[in-house]
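# Reading the structure
Residues per chain are reported as follows:
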Amino acid sequence: MYFRVQTCKHLGNRGTKHVSNWFSSLSLRSISSLPFATIEVEKISGSQPAEVHNLVQGKWIKSSNWNTIVDPLNGEPFIKVAEVEKSGIKPFVESLSQCPKHGLHNPFKSPERYLMLGDVSAKAAHMLAQPEVYNFFARLIQRVAPKSYPQAVGEVSVTQKFLENFCGDQVRFLARSFAVPGNHLGQQSHGFRWPYGPVAIVAPFNFPLEIPVLQLMGALYMGNKPVLKVDSKVCIVMEQMMRLLHDCGLPMEDVDFINSDGKTINKLLEKANPRMTLFTGSSRVAEKLALALKGRIKLEDAGFDWKIIGPDVQEMDYVAWVCDQDAYACSGQKCSAQSMLFIHENWNKNSLTSKLKDLAARRKLDDLTIGPVLTFTTEAMLDHMSKLLKIPGSELLFGGKELKNHFIPKIYGAIEPTAVFVPLEEMLKDKNYELVTREIFGPFQVITEYKTDQLPMVLDALERMHAHLTAAVVSKDPLFLQEVVGNTVNGTTYVGLRARTTGAPQNHWFGPAGDPLGAGIGTPEAIKLVWSCHREIIYDIGPMPQNWGLPSPT
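Residues numbered from 1 in each chain as written. Predicted model: local features only at pLDDT ≥ 70, side-chain atom pairs only at ≥ 80, totals over all residues. Heavy atoms only, no water.

### Here's the deal with the UniProt feature "domain: Aldehyde dehydrogenase" (unreviewed entry) in the protein
When the UniProt feature table is mapped onto this chain numbering, "domain: Aldehyde dehydrogenase" (unreviewed entry) sits at residues 68–498. Secondary structure across residues 68–498 divides into 40% helix and 19% strand, with the first and last C-alpha atoms of the span separated by 43 Å. (UniProt positions renumbered as here; feature names shortened; annotations may be inferred. Helix = DSSP H or I, 4+ residues; strand = E, 2+ residues; numbered from the N terminus.)

And the structure:
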């Protein structure tokens, strides 16, 4: 792709300190020609900072409190976010309170809204398919959550395909009901999907377009009114997407968009009392919210995701490439990133890890195939590595150093793709297990080796993990696959020779399993599970039985 080549070329020639100049050099149509956009991606800088506003009760508003976001590649203040303080949440509370529990629409109320949202999805999908629009969002993602251009444009592509999936009648098909014959003539029970009404969405930084759009549209499709909060570091992406949706016909009153710190959003959730909250993010925060919201929450929380490579050795180059992508694409900042790799001894650990080392060495800051880590500092990641290396038999396989020649601010992390080997027997010891399975949301993985008779030990290690998001079992042996899949629980599990841990396309369920609060994303099943509940309506219209008489009390 010509655009991708130019992207890499300009970053390589000019260096990350001059990332703004790189964006300015792109010879695409001016962003000012986009009907919805209020910014020009190429010109966002310290001298021309972008502004992010809030949306409430159908109006875009500013705030007296501005949070300054720094460029993750060079530390330059380049975005001003109007953040709502605790004293300013009243309009948001009032806005949510105006939505009844039975929602903005349901199968018995305002069914034309199903059609309206199908039309909005069609128009938005068409807009995102335009080169100047998907490039706008891909580049904007790169500015705030640096990842390679193919990774950024892939996020836009998944979002666009999702919107295509719910064009026209597909929205009302989500509310399909069923009927069951009753006990007598005139009686039937009908099951309906019913909205919650006022709801909240709290979305993370790592997929600033895909996650909030898919969950937001799912909430709207089912008849809810959401308030949306996206991590302030990346909220500019969703602010611009909200403007695109309005341009495509979404009523401005349908969604509130708030920027705030954690304490303020907690206060808003407490005061507004949404009927359901969707949270995507860390397990620690998720557990606190589940208590505070008394269980009225769905979670797509962090995942310490594992991959098992089975005993049948084949296609080592391909398997190694997928492992590299799973562990280090987006600098490991995916909730589905490969955190732990179990290698069967038949593969010869040294041969496979040697290939992984060579693949990791190809990653460069110049083309953003490795980049800033936004939730862990360099010191924190290297300190974790040092603790792992104190475990007997552990060794650093590759990486373990800070990136060279960078201008990434100290508040973020900057390390080479890193892998630490920990012996399986040591990993399973109580004094080591919690440390070894600590999720480092960055380019960091733990690798171990097992023998055939040690598969029960591997399965024990998996059983003890507390997060069950994604997993991969790399093998073509059906009995091996059956054994592993039958004794694990991860909600999105890839099996087979091409199995991976990452990749959340719009065509299959993505989410954890084994937790009643678990949330999915992307598919009709996910939307119905997260954004609606079951309501049973029993029609009992008669006729009355002939010669009915008053029975005795029971």
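### Structural notes on the pairing of strand E18 (residues 470–474)
Judged by how many residues are buried, E18 sits mostly within the fold: 5 of 5 residues are covered. By the alternation rule, side chains of E18 split into Thr470, Ala472 and Val474 and Ala471 and Val473, which are all buried. In this sheet, E18 lies alongside strand E13 (residues 305–309) in parallel orientation, the contact comprising 4 bridges. Paired with Ile308 across the two strands is Val473, which belongs to E18. By the bridge criterion, 4 bridges tie E18 to strand E19 (residues 492–495) in an arrangement that is parallel. When the sheet's bridge partners are listed, Val473 is paired in E19 with Val495. (Buried < 20%, exposed > 50% of the residue type's maximum accessible area, 1.4 Å probe, protein only. Pairing = 2+ DSSP bridges.)

### As for the sheet that holds strand E1 (residues 50–52)
As summarised here, the arrangement of the 3 strands in space is E1-E5-E4, forming an open sheet in which the pairing is mixed. At either margin of the open sheet sits one strand with a lone partner, and together these are E1 and strand E4 (66–70). The average angle at which neighbouring strand axes cross in this sheet is 25°, direction not considered. (Axes fitted to C-alpha atoms, helices over the stretch in contact; angles between N-to-C directions.)

### Overview of the packing of aromatic side chains
Counting across every chain of the model gives 12 aromatic pairs. Ring geometry for Phe162 versus Phe166: centroids 5.0 Å apart, planes at 50°, classification tilted. Residues Tyr328 and Phe398 carry aromatic rings whose centres are separated by 6.2 Å and whose planes lie at 70° to one another, so their mutual orientation is edge-to-face. With Tyr328 in helix H12 (residues 316–328) and Phe398 in strand E15 (residues 395–398), this pair connects stretches of sequence that are 70 residues apart. Among the aromatic residues, ring-to-ring pairing joins Phe36, Phe136 and Phe137 into one connected group. The residue whose ring lies beneath Arg243 is Trp60, and the NZ or CZ to ring-centre distance is 4.0 Å. (Phe/Tyr/Trp six-rings, centres within 6.5 Å; stacked < 30°, edge-to-face > 60°. Lys NZ or Arg CZ within 6 Å of the ring centre and 35° of its normal.)

### Some details on the pattern of salt bridges
Counting across every chain of the model gives 20 salt bridges. Put simply, Lys233 and Asp231 hold a salt bridge, and the shortest N to O gap is 3.1 Å. Residue Asp324 pairs with Arg363 through a salt bridge whose shortest N-O separation is 2.7 Å. Separated by 39 residues along the polypeptide, Asp324 in helix H12 and Arg363 in the loop between helix H13 (349–361) and helix H14 (378–388) bring together distant segments of the chain. In terms of burial, Asp324 and Arg363 fall into one category: buried. Three or more residues joined by partner-sharing salt bridges are found here, namely Asp430, Asp460 and Arg464. (Salt bridge = Lys/Arg side-chain N within 4 Å of Asp/Glu carboxyl O.)

### A short note on the layout of surface pockets
Approximately 1,400 Å³ is the volume found for the largest pocket. In terms of lining, the largest pocket is formed by 48 residues, of which the most central are Phe279, Gly281, Ser282, Arg284 and Val285. Only strand E8 (198–203), strand E9 (225–230), helix H10 (262–272), strand E11 (276–281), helix H11 (283–292), strand E12 (297–301) and helix H16 (430–436) provide two or more residues apiece to the lining of the largest pocket. Looking at which element gives the most residues to the lining of the largest pocket, the answer is H11, with 7 residues. By residue class, the composition of the lining of the largest pocket is 20 nonpolar, 14 polar and 14 charged. Lys334, Arg500, Thr502, Gly503 and Ala504 are the residues nearest the centre of the second largest pocket, which is lined by 26 residues in total. Taken together, the elements giving at least two residues each to the lining of the second largest pocket come down to helix H6 (149–165), helix H8 (210–221) and H12. (1 Å grid on protein atoms, 1.4 Å probe; cavity = no way out; pocket = protein on both sides within 12 Å on 5 of 7 lines; lining within 4 Å. Points joined across faces, edges and corners; volume = space filled by probe spheres on them. Nonpolar A, V, L, I, M, F, W, Y, C, P; charged D, E, K, R; others polar.)

### What about helix H18 (residues 478–486)?
Turning to H18, its buried residues are Phe480, Leu481 and Val484. End-on, the buried residues of H18 take up no more than an arc of 95°, which puts them together on one face. What points out from H18, more than 90 degrees from its buried face, is the exposed set Pro478, Leu479, Gln482 and Gly486. Buried residues along H18 sit against E13, strand E17 (444–450), helix H17 (455–463), E18 and E19. (Arc of directions from axis to C-beta. Contact = heavy atoms within 4.5 Å.)

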